[in-house]
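A look at the structure
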Amino acid sequence: MGEMIKMVLVLTVLSIISGGSLSYLEKNLKPIQEKQIMQLVKGPAVRQILQGASNKPVDDVLTLGEGKNASKVFYGVYEGKPKVVVMESEGKGYGGPIGLLVAIDMEKQALHGIGVTTHTETGGLGAEAKDNPEWAAQFTGKSINKKIQVTGDGGEISAIGGATITSRAVCDATNKAVATYQEIKPQLTEKLQGVAK
Amino acid sequence: MAKSIVQEFTKGLWKEVPPFRLVLGLCPVLGVTTSVQNGLGMGLATTFVLLCSNILVSTLRKVIPSKVRIACYIIIIATFVIVVEQVMKAFAFPLYQTLGVFIPLIVVNCIVLGRAEAFASKNGIILSIADGLGIGLGFTCSLAALSAVREIIGKGTITIWGAPLFEGPIVNIAHTFPDFVPFEFMVQAPGAFVCLGLMLCMMNLVPSK
């Protein structure tokens, strides 16, 4: 009996110490990690999408909502007006989640461009979504009032050869971003007007 | 005390050097040694985990009940592995991206668990530190040597800190020998087996005593 209690006790104490110190570490390192991801993964992608914008897209971030529902929105200034907003989104790819940035042109009501940030797709097939800019370029100019789909599903996007699941995931993520955009549009317009002044 | 601290330390560097003499922990050895930088990063991460887990296991060796010792070792090792992963993610993100899944896999690296079970649980703290450092550095050197051979033949370069985070020394033999054609087989998975096999063979030509 005594041995039993000792086993339970030792394991419990070890787990508590381990869990406690790890959550402390995570809490302290999270901001630095996010900064790194921002700088090395999202930053270049945002810059790529918002080419030619006259502001600094990576540094100018709007935060909408509060607490858990808070979302970050990047925006690009063209011809003196903040015209393009960039939303973050996620789709279910073949190998795991695909992180996607979706840029929406507010005046034209159309996609300004998309860019994959993080993914675990197969190299040469699904990874083309990130590595082949020509494929991503298909999304540019598509109206946001119509659902984005691959040609096989009746849409206008031709899927990557051998990677239909990835292509669908990117379309889904785009649609999700557009839906979020429509939801937060009033708030967004208000905030961006503040920026324009 | 039969063996001195120096002996415990140096055995890991040659006599019991993990991948070649003990032939343990081959998964990261084969997986990440495509560039010297990856090999070194992986080696140092493992050394840190090995050292810390050896210290803790040795300190707690009288407290841990023998029936649940493996579970206790795993908790200790896993904690340090997550520490390494989080720190690397925060301060060496490019390295974290290339090493990827191999960092969490240190938890089940048989060298780490093997030293905890075979050495640290039976010896004092000072000896365990010497053992952990020796084995860890031996592991790091082996990874660095293996990845140096693979990278120089396979890509014609030696990258120490070539990631975007650190602009560092990169040796490129293509500058010296313009006719050099990289033998890409060596940086692919089968090349790892061939290269490791040849190095094992050469190590065994030299007697261990």
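The paragraphs below set out a description of the structure included in this document. (Residues numbered from 1 in each chain as written. Chains lettered and ligands numbered in written order. Predicted model: local features only at pLDDT ≥ 70, side-chain atom pairs only at ≥ 80, totals over all residues. Heavy atoms only, no water.)

Its volume calculated, the largest pocket comes out at about 640 Å³. Put simply, the parts of the chain that give the lining of the largest pocket at least two residues each are α1 (2–49), β3 (81–92) and β4 (97–105) of chain A together with α6 (93–99) of chain B. Estimated volume of the second largest pocket: approximately 400 Å³. Surrounding the second largest pocket, 18 residues form its lining, Q48, I49, I114, G115 and A136 of chain A being those nearest its centre. For the lining of the second largest pocket, the secondary structure elements donating two or more residues are α1, β5 (110–116), α2 (128–131) and α3 (133–137) of chain A. In terms of residues, the lining of the second largest pocket owes the most to one element, α1 of chain A, which gives six residues. Split by residue class, the lining of the second largest pocket holds 11 nonpolar, six polar and one charged. (1 Å grid on protein atoms, 1.4 Å probe; cavity = no way out; pocket = protein on both sides within 12 Å on 5 of 7 lines; lining within 4 Å. Points joined across faces, edges and corners; volume = space filled by probe spheres on them. Helix = DSSP H or I, 4+ residues; strand = E, 2+ residues; numbered from the N terminus. Nonpolar A, V, L, I, M, F, W, Y, C, P; charged D, E, K, R; others polar.)

As a further point, take the nonpolar core. Of all hydrophobic cores here, the largest spans 51 residues; its most connected members are F20, M42, V49, M88, L99, I103 and I106 of chain B. It is helix α5 (residues 69–91) of chain B that contributes the most residues to this core, 10 residues altogether. V85, L100, L111 and F139 of chain A belong to the second-largest nonpolar core, a separate cluster that totals 34 residues. (Core = buried A, V, L, I, M, F, W, Y, C linked by side-chain atoms within 4.5 Å. Buried < 20%, exposed > 50% of the residue type's maximum accessible area, 1.4 Å probe, protein only.)

Residues and elements named next belong to chain B. Enumeration over the complete set of coordinates arrives at four aromatic pairs over all chains. Taking the centre distance of 5.9 Å and the plane angle of 40 degrees together, the rings of F93 and Y96 count as tilted. You can see F93 and its partner Y96 sitting in helix α6, three residues apart, about one turn around the helix. Residue classification places F93 among the buried residues on the basis of a relative accessible area of 5%. Here Y96 falls in the buried class, since its relative accessible area comes to 17%. (Phe/Tyr/Trp six-rings, centres within 6.5 Å; stacked < 30°, edge-to-face > 60°.)

Residue and element names in this part refer to chain A. Counted residue by residue, β4 has eight buried out of nine residues, so it is predominantly covered. Bridge analysis of β3 against β4 gives nine bridges, and the strand direction is antiparallel. Bridge pairing in β4 links K92 to P97. In this antiparallel pair of consecutive strands, β3 and β4, the connection spans four residues, and G96 shows a positive phi of 145 degrees. (Pairing = 2+ DSSP bridges.)

This part takes up helix α8 (residues 125–154) of chain B. A rise of 1.5 Å per residue sets the reference length of α8 of chain B, with its 30 residues, at 44 Å; its end C-alpha atoms lie 42 Å apart and thus fit the reference within 8%. After α8 of chain B finishes, the residue G156 of chain B shows a positive phi value of roughly 80 degrees. (Expected span 1.5 Å × (residues − 1).)

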